[in-house]
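The residues making up each chain are set out below.
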Amino acid sequence: VPADQIAAILAEHARFSDLTLFPVKPHDSRTEHIIETLLFESGRPLLLCPEQRAEQLRPEFENVMIAWDHSARAARAVGDALPILQAATVVRVVTVAEDKADAVAQSGAALVDHLREHGVYASFETVTGNGSSIGKVLGSWANSHGMDAIVMGAYHHSRLNEIVWGGVTKTVIGQPPCWVMISH
C-alpha cells in the first residue's frame, strides 16, 4: 500500500471493528496523522497504546478514568466504553476546571448518576490546572492515581485550532500516559 493511503485504508477497515488498537510512538507526526484519520473517518473508537510503555501496561482495565468536559464527544466516548466501564473495579470521572461551580464540573455528578443506571459505580472530582495544559494535568493525574486507562472524547475544539495552539487531544495523542480509549 502506498504510504499516503495507509491511514485511509486503516480507517476503512476500522469501520467494521468494535474497537481499533493502535500503538503510539511519542510525538510522531505520521502516527498522529493515522490516529486523526481513524478518528474522523472510521466512526469507531480507538484504543491507544503508548508503545514505549507497552511492556509495563496491565492488560486488565481495573482502574479507569473518564476525562469529562460535558461535550458530545466525551459523551460518545463514555457510551463506546460502557463494556469497559462495567467491567472495571474503579471508575473515576475527572473534570479539569478552575472554578468548582463551573457548569461543566456540575455535569460530572449527572454523569455519575447516568453511569449508575448502567451498573457502573463511579466517583467524580474536579481538578485544577494551575496554569498547566489540561492534557498534561489529565496525564499526570492518571499516572499519580494508578489509572490503567483513560476514556475521553477527541477534538472538542477545531482540529486547526489544536494543530496551531495545541490542545488536550494533541497532548494525549502525542504521548499517551497509559491506555487511552478515544472517540470522536
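Structural data are supplied above this passage.
Residues numbered from 1 in each chain as written. Predicted model: local features only at pLDDT ≥ 70, side-chain atom pairs only at ≥ 80, totals over all residues. Heavy atoms only, no water.

A.B. asks: For this particular structure, what's the right way to read the overall build of the protein?
C.D. replies: Counting its regular elements, the protein contains 7 helices and 7 strands. Along the protein, helices (α) and strands (β) appear in the sequence α-β-α-β-β-α-β-α-β-α-β-α-α-β when read from the amino end. For 184 residues, the compact-globule formula gives about 16 Å, and the C-alpha radius of gyration of the protein, at 16 Å, lands near that figure. The dimensions of the protein, computed from C-alpha atoms along their principal axes, are 50 × 35 × 30 Å. When burial is assessed residue by residue, the protein has 45% of its 184 residues classed as buried. When the accessible surface of the protein is totalled, it reaches about 9400 Å², and 52% of it is carbon and sulfur. In the protein, 14 side chains carry a positive charge and 21 a negative one; their mean positions are 2 Å apart. (Helix = DSSP H or I, 4+ residues; strand = E, 2+ residues; numbered from the N terminus. Rg over C-alpha atoms; globule rule 2.2 N^0.38 Å. Buried < 20%, exposed > 50% of the residue type's maximum accessible area, 1.4 Å probe, protein only. Areas by Shrake-Rupley, 256 points an atom, 1.4 Å probe, with all protein chains shown as cover. Lys, Arg positive; Asp, Glu negative; His and termini not counted. Charge placed at Lys NZ, Arg CZ, Asp CG, Glu CD.)

A.B. asks: I tried to follow the layout of surface pockets on my own but got confused; where do I start?
C.D. replies: The gaps left among the atoms become clear once a water-sized probe is rolled over them. The computed volume of the second largest pocket comes to approximately 200 Å³. Lys136, Thr171, Gln175, Pro176 and Pro177 are, among the 14 residues lining the second largest pocket, the residues nearest its centre. Residue contributions to the lining of the second largest pocket peak at 5 residues, all from helix H5 (residues 134-144). Its residues placed into classes, the lining of the second largest pocket shows 3 nonpolar, 8 polar and 3 charged. (1 Å grid on protein atoms, 1.4 Å probe; cavity = no way out; pocket = protein on both sides within 12 Å on 5 of 7 lines; lining within 4 Å. Points joined across faces, edges and corners; volume = space filled by probe spheres on them. Nonpolar A, V, L, I, M, F, W, Y, C, P; charged D, E, K, R; others polar.)

A.B. asks: Just checking my understanding: could you explain the state of the cysteines for this structure?
C.D. replies: Any covalent bond linking the sulfur atoms of two cysteines counts as a disulfide. In this structure the tally under the stated criterion is 0 disulfides. Of the cysteine sulfurs around Cys49, a residue in no disulfide, the closest is that of Cys178, at 10 Å. The exposure class assigned to Cys49 is buried, which follows from its relative accessible area of 9%. (Disulfide = S-S within 2.5 Å.)

A.B. asks: So what exactly am I meant to see when it comes to helix H2 (residues 29-42) here?
C.D. replies: Since there are 3.6 residues in each turn of an α-helix, residues three or four apart along the chain are aligned in direction. The terminal C-alpha atoms of H2 lie 19 Å apart, and with 14 residues this matches the ideal 20 Å at 1.5 Å per residue to within 8%. Taken as a whole, H2 has its buried residues at Thr31, Glu32, Ile34, Ile35, Glu36, Thr37, Leu38, Leu39 and Ser42. Phi for Gly43, located one or two positions after H2, is positive at around 75°. (Expected span 1.5 Å × (residues − 1).)

A.B. asks: Please explain the sheet that holds strand S4 (residues 90-96) as it appears in this structure.
C.D. replies: Within a sheet, each strand pairs with its neighbour through backbone hydrogen bonds, oriented either parallel or antiparallel. Taking strand neighbours across the sheet as the criterion, the 7 strands line up as S1-S2-S7-S6-S3-S4-S5 in an open arrangement whose pairing is mixed. Looking at the sheet topology across the chains shown, the edges are occupied by strand S1 (20-24) and strand S5 (122-127). The mean angle between the axes of side-by-side strands here comes to 25°, regardless of whether they run parallel or antiparallel. Sheet analysis places S4 next to S5, joined by 6 bridges and oriented parallel. If you follow Val91 over to S5, its bridge partner there is Ala122. Seen against the sheet, H2 touches S1, strand S2 (46-50) and strand S7 (179-183) and runs at an angle of roughly 160° to S1. H5 contacts strand S3 (63-67), S4, S5 and strand S6 (149-153) of the sheet and is inclined by roughly 155° relative to S4. (Pairing = 2+ DSSP bridges. Axes fitted to C-alpha atoms, helices over the stretch in contact; angles between N-to-C directions. Contact = heavy atoms within 4.5 Å.)

A.B. asks: In this structure, what is going on with the nonpolar core? I would like to understand it.
C.D. replies: Core analysis: the biggest nonpolar cluster contains 56 residues, and Leu48, Met65, Ile66, Leu85, Leu115 and Ile182 have the highest contact counts within it. Ranked by residues supplied to this core, first place goes to helix H3 (residues 72-87) with 7 residues. Setting aside residues no more than four positions away along its own chain, Leu48 makes contact with Phe22, Val24, Ile35, Ile173, Pro176, Cys178, Trp179, Val180 and Ile182. (Core = buried A, V, L, I, M, F, W, Y, C linked by side-chain atoms within 4.5 Å.)

A.B. asks: Please explain the pattern of salt bridges as it appears in this structure.
C.D. replies: The tally for this structure, following the rule as stated, stands at 8 salt bridges. Between Glu60 and Arg58 there is a salt bridge, with its nearest N and O atoms 4.0 Å apart. When its relative accessible area of 41% is taken as the criterion, Glu60 is described as partly exposed. Taking the shortest distance from any N to any O, the salt bridge between Asp113 and Arg116 comes out at 3.2 Å. Remark: Arg116 and Asp113 occur in helix H4 (residues 103-116); sequence separation between them is 3 residues, near one turn of the helix. On the basis of relative accessibility, which here comes to 43%, the residue Asp113 falls in the partly exposed class. (Salt bridge = Lys/Arg side-chain N within 4 Å of Asp/Glu carboxyl O.)

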